[in-house]
Amino acid sequence: MATSPKLDSKIPDGPLDQKWTKYRSTVALVNPANKRNLEVIVVGSGLAGASAAASLAEMGYKVKVFCFQDSPRRAHSIAAQGGINAAKNYQNDGDSIYRLFYDTIKGGDYRSREANVHRLSEVSGSIIDQCVAQGVPFAREYGGLLSNRSFGGTQVQRTFYAAGQTGQQLLLGAYSALQRQVGMGAVKLYARHEMLDVVNIDGKCQGIIARHSVTGQLERHFGHAVLLCTGGYGNVFFLSTNAMGSNVTAAWKAHKKGAFFSNPCYTQIHPTCIPVSGEHQSKLTLMSESLRNDGRIWVPKNKADAEAIRAGKLDPNNLKEDDRDYYLERRYPAFGNLVPRDVASRAAKERCDAGFGVNGTGQAVYLDFAFNMKYKYGKIEATKKGIENPTEAQLDEFGHAVIKEKYGNLFDMYAQITGVDPYKNPMQIYPAVHYTMGGLWVDYNLMTTVPGLYALGEANFSDHGANRLGASALMQGLADGYFVIPYTIGSYLSKEISTKAISLDHEAFVKAEQDVQERINKLLSIKGTKTVDYFHKRLGKVIWDKCGMARNAEGLKWAIEEVRRIREEFWKDVRVPGEANEFNPELEKAGRVADFIELGELMCKDALERNESCGGHFREEYQAADGEAERDDENFAYVAAWELKEVGNWELHKEELVYENIKIAKRSYK
C-alpha cells in the first residue's frame, strides 16, 4: 500500500531513538527579534492549549488565546482523574522509554505512528519534572519520592497522580504559567469566545472568526499560525463523560476549510463509569481507571443470582466467592483487571448482554474493593502496627483508611451521585464514551494539511492509534504543548518572518465572517417545532447503537442513512430561541449539534470502510473464535485521512503505517 501523495508525515530520517534529538538540533529557528513580530493564535485553553500558549509566549511570540469558558480553569482537562504516564522507572520494575513506547503502540492495536509515539515516550519524563517545578502536588511515598500506580494495558507502575484529581492539578499548573504570561502582556486572553471558522489566505491559515458569547458579536483575528487545542468529539454520542460544552466545532470548521480528518471511528469507551440511570441524564460520570488497581470486577456466575440482585432480593455482599465470576481475571490472567480499556469494556458488555448485569437495566457490573481493602491493605497496616492477629473489625478499619487516602474523593463522588456507600457496597459500573482517538490529521510537526494550521492534544489523531492507554491523554496534551510545538512551529514560522499582519478588511476575512453570520441567521430563522436536544439525543442513540462498542456493516449502512435523515430534519424543524446578538446558549448548542450531525455520518462511513476489528473499532464480522478483535494488517495498517469534497461526500487518503522497530503481533493480554 502506498501513502497518498497528499499526505507527507515529515518524519525525520535516522534511527527511531535519534529522530527527535536530530530534529531538535536541525530544525529551523526564529531569532528573538523576529519572534516579537509573529502572532500565534491558540484556540482552547486546556492542558495542550495553556501549555502551548505559555511556552510560546515565554519564547517571545505574541500569543492570543481563545476559550469559550469564562476561565481557562474550566477546560475539560480539569476532569481527568487517575494520572499521567511517564517512563521514569521510579519503582525499578523494568520500565523504560522503549517499554512505554511499546505499550502505547500495542495498546493502540498497532495503528499509530512509531515516530510520534517514541517522541511522546521520550519527553514523558520531562513533563513530570516541569510539573513538579510548577508545584503540582503529585502523591508521594512516605520517604518523599513521587508515587506511582498501575493503569490498564501495562505491567509496570508508571502513572503519576494527585489523588483522583490529577487533571485539575496539572491544569492549575499550566494555567499559572499561562496567567504569568497574560500578566506580562505576552498573551492576550479572550474568554467567552468561540471559534466559528478559520480564515485561509494564499493557501495558508491566517486567522479565525470568533463569536463573543455574551454580546454575540463576531470578531476577526489575524495570526501567522493557528493552533487548535480544542479536545475531542465524544459528545457526538450525547451521553459521554465529557463536559457538556465539549464539541467538535473548531476541528470541524478546519476540516471544512481543507484539513483532513483522520480515523473518526476510533472512539474510546471507558469501562468504569457510573451506569445510565434514565432518559433524564445529559452526561455520564467517570470513575477513574485507577480504581482498577484495587477494585475487582465481577458479576454473578449464575443468572438466577443476577436476576435476584436486579430484583432487590439478594444483597451482593452476601454472594459467596465461589458464586462470583471475576471475568477479567478469568479471561486475562496475565493482566487481570488491568487489561486495556477497549478489552475491559467489551468484556463487560458481553457479560451484560448474556444476562449477568446487576442493576435495574441489566447494564452494570460490580467494581468491588472489599477483598483488597480488608485482606490486602488491612493486613499490611496491621503488620506495620505490630498486630499479629487482627480482628475483622480492625482489618476493615485499617483498610478503609488506606483506600480513603488513595481514592477518597472518588469514593465521595460515587456516594453523592448514587446514594450508595462504596466502602460498604461494591460500585456499579458500565462502559461509556470517554475519549476520541480520531481527530485532525497532522504530520510530525503537528501541522494539519492546511499550512499554518496545527492541532494539538485530543484534537489530533497522532499518538494513540485505535485505543488510548489510560493516563496517556494528559501525557500527550502536555507533551504537545510544552515540548513539541515550541520546536516544530519554528519550521514554519521561520519562513513567515517577512509576512506582515494581514488587514482584517481582507476579502477572505470579510467572506468568512459573512458565512458565519449567514449560518447563525439560518439557524434562528427555521423556527421549527423540535429542540436542539431532541436532535442531539436522536443522533447520539444512532451513533451509540450502530457505531459504539460494536459495529457491523448492516447497522452502519442504516446509520449513515438515518444520520442523513436527521440532518435534513434538523435544518427544517429545529427551533432555536433568542437572538443572535445576545447571550444565547441554545444558539451555541445548535451550531455544535449541526457539526456533530455531519461528523456522525463520517464516523459511520469510516467504520464501514475499515473491514477489521482493532482497538476501539470492533466490527462484529471480524472477530476470532474466542471473541477477541481480529485485525487485518495486510489491508488496513494505515491511517484513514478523509478529505471533504462537500457535505456528505468525502475522499479517503491513506497513510501507510510502517513498523521497523517492533514486531506486529496479535494483541494478547492473556
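Our subject in this report is the structure included herewith.

### What about the overall build of the protein?
Of the regular secondary structure elements, the protein holds 18 helices and 19 strands. Taken over C-alpha atoms, the radius of gyration comes to 25 Å for the protein, in line with the 26 Å a tight globule of 670 residues would show. Projected onto the principal axes, the alpha-carbon positions of the protein cover approximately 80 × 55 × 50 Å. Per-residue burial for the protein yields a buried fraction of 60% across its 670 residues. For the protein, the proportion of contacts with a sequence separation of at least 24, taken over those separated by at least 6, is 75%. When the accessible area of the protein is evaluated, it comes to approximately 25500 Å², of which 48% is carbon and sulfur surface. The distance from the centre of the 83 positive side-chain charges to the centre of the 83 negative ones in the protein is 2 Å.

### Considering the pattern of salt bridges
Taken as a whole and assessed by the stated rule, the structure comprises 59 salt bridges. Between Arg-74 and Asp-70 there is a salt bridge whose closest N-O contact spans 2.7 Å. Across the pair Lys-645 and Glu-651 runs a salt bridge whose closest N-O atoms are separated by 3.1 Å. Of the residues examined, Lys-645 reaches a relative accessible area of 45% and is grouped as partly exposed.

### Quick word on the sheet that holds strand E6 (residues 193-201)
Two modes of strand pairing occur in sheets, parallel and antiparallel, and in both the strands are linked by backbone hydrogen bonds. Strands sit in the order E6-E7-E8 across an open sheet of 3 strands; the sheet is antiparallel. Each edge of the open sheet carries a strand with a single partner, namely E6 and strand E8 (218-222). When the angles between neighbouring strand axes are averaged without regard to direction, this sheet yields 25°. Inspection of the sheet shows strand E7 (residues 204-212) paired to E8 by 5 bridges, in the antiparallel sense. Residue pairing in the sheet places Ile-208 in a bridge with His-221 of E8.

### Re unusual backbone geometry
A positive phi angle, close to 55°, is found at Arg-192, a residue other than glycine. With respect to the helices, strands and loops of the structure, Arg-192 is situated in the loop between strand E5 (187-190) and E6. The exposure class assigned to Arg-192 is partly exposed, which follows from its relative accessible area of 31%. With a phi angle near 45°, Asn-263 is a residue other than glycine that sits in the positive phi range. Looking at the secondary structure, you find Asn-263 in the loop between strand E10 (261-262) and strand E11 (267-273).

### Looking at the sheet that holds strand E19 (residues 649-656)
Here we have 4 strands laid out as an open sheet, ordered E16-E10-E18-E19, and antiparallel in their pairing. Both outer strands of the open sheet, strand E16 (439-440) and E19, are each paired with one neighbouring strand and no more. One ladder, built from 8 bridges, connects strand E18 (residues 638-646) with E19; its direction is antiparallel. Residue pairing in the sheet places Glu-646 in a bridge with Asn-649 of E19. Together, E10, E18 and E19 form the strand contacts of helix H17 (residues 585-609), whose direction differs from that of E18 by roughly 135°.

### As for helix H6 (residues 166-184)
Its 19 residues place the ends of H6 28 Å apart at the C-alpha level, agreeing with the 27 Å of an ideal helix rising 1.5 Å per residue. Looking at H6, one finds that the buried residues are Thr-166, Gly-167, Gln-169, Leu-170, Leu-171, Gly-173, Ala-174, Tyr-175, Ala-177, Leu-178 and Gln-181. Phi turns positive, to about 85°, at Gly-185, one or two residues after H6.

### Quick word on helix H16 (residues 553-573)
Taking 1.5 Å per residue, 21 residues should reach 30 Å; H16 reaches 30 Å between its end C-alpha atoms and fits that length. Taken residue by residue, H16 has Ala-553, Gly-555, Leu-556, Ala-559, Ile-560, Glu-562, Val-563, Ile-566, Arg-567 and Phe-570 as its buried positions. Structurally, H16 contributes buried residues whose contacts are with helix H14 (507-526), helix H15 (532-547) and H17. Two to three positions downstream of the cap, the backbone nitrogen of Glu-554 sits 3.3 Å from a side-chain oxygen, assigning the N-cap of H16 to Asn-552.

### Section: the packing of H15 against H17
Interhelical geometry of H15 versus H17 gives an angle of 20° and a closest axis separation of 10 Å. Here H15 lies roughly parallel to H17, going by the angle between them. Classified by chirality, the crossing of H17 by H15 is left-handed. Seen from H15, the contacting residues are Val-532, Asp-533, His-536, Leu-539, Ile-543 and Cys-547; seen from H17, they are Glu-586, Lys-589, Ala-590, Val-593, Phe-596, Ile-597, Gly-600, Met-603, Cys-604 and Ala-607.

### Observations regarding the pairing of E8
As a general feature of sheets, a regular strand has side chains that alternate between the two faces. The buried count for E8 comes to 4 of 5 residues, which makes it a mostly enclosed element. Hairpin connection of E7 to E8: 5 residues between the antiparallel strands, including Gly-216 at a positive phi of 80°.

### Focus on the nonpolar core
Ile-84, Leu-227, Tyr-454 and Ile-489 are the most contacted members of the largest nonpolar core, which totals 185 residues. Counting the residues that make up this core, at least three belong to each of domain 1 (1-28 + 40-266 + 437-644) and domain 2 (271-431). When residues no more than four places from it in sequence are discounted, the contact partners of Ile-489 are Val-40, Leu-56, Tyr-61, Ala-225, Leu-227 and Tyr-454. Residues Trp-298, Ile-309, Leu-319 and Tyr-366 belong to the second largest nonpolar core, which totals 7 residues.

### Here's the deal with the pairing of strand E12 (residues 296-300)
Extensive coverage of E12 is indicated by the burial of 5 of its 5 residues. Note: E12 against strand E14 (residues 365-368), 3 bridges, orientation antiparallel. Across the sheet, Trp-298 pairs through a bridge with Tyr-366, a residue of E14. Sheet topology note: the E12/strand E13 (residues 324-325) ladder contains 2 bridges and is antiparallel. When the sheet's bridge partners are listed, Val-299 is paired in E13 with Asp-325.

Calculation notes
- In this convention, every chain numbers its residues from 1, walking through the sequence in written order.
- Residue-level local features of this predicted model are given only where pLDDT is at least 70; pairs of side-chain atoms are given and counted only at 80 or more, and the full residue set underlies all totals for whole chains, interfaces and linings.
- Neither water nor hydrogens contribute to the side-chain values; these are computed over all heavy atoms in the structure.
- Under the scheme used here, helices are H or I runs from DSSP no shorter than 4 residues and strands are E runs no shorter than 2 residues, and both carry numbers assigned from the N terminus.
- To get the radius of gyration, use the C-alpha atoms; to get the globule rule, take the number of residues to the power 0.38 and multiply by 2.2 Å.
- Residue burial is assigned from relative accessible area. The probe radius is 1.4 Å, only protein chains are included, and a residue is buried under 20% of its type maximum, exposed over 50%, and partly exposed in between.
- Note on definitions: a residue-residue contact is assigned when non-hydrogen atoms from the two residues lie within 4.5 Å.
- Using a 1.4 Å probe, accessible areas were evaluated by the Shrake-Rupley method; residue-level cover was limited to the displayed protein chains.
- Here Asp and Glu are counted as negative and Lys and Arg as positive; His is not counted, and neither are the chain ends.
- To locate a charge, the coordinates of NZ of Lys, CZ of Arg, CG of Asp or CD of Glu are taken.
- Note on definitions: salt bridges are taken to be side-chain nitrogens of Lys or Arg within 4 Å of carboxyl oxygens of Asp or Glu.
- What makes two strands pair is DSSP finding at least two bridges between them.
- Angular values range over 0 to 180 degrees, each being the angle between N-to-C directions of two axes fitted as lines to C-alpha atoms, with helices fitted over their stretch in contact.
- Given the number of residues in a helix, its expected span is that number minus one, multiplied by 1.5 Å.
- What qualifies as a polar contact is a pair of N or O atoms within 3.5 Å, subject to a donor-acceptor requirement within protein and to the restriction that residues adjacent in sequence count only when both atoms come from side chains.
- Orientation is classified from the angle alone, with under 35 degrees giving roughly parallel, over 145 giving roughly antiparallel, 65 to 115 giving roughly perpendicular, and any other angle giving oblique.
- Helix crossings fall into two classes, left-handed where the near helix is turned counterclockwise from the far one by less than a right angle and right-handed where it is turned clockwise.
- To define a nonpolar core, start from buried Ala, Val, Leu, Ile, Met, Phe, Trp, Tyr and Cys residues and group those joined through side-chain atoms within 4.5 Å.
- All domain edges in this entry derive from an automatic or database-based domain assignment.

Geometric descriptors of this kind do not, in isolation, establish any biological role.
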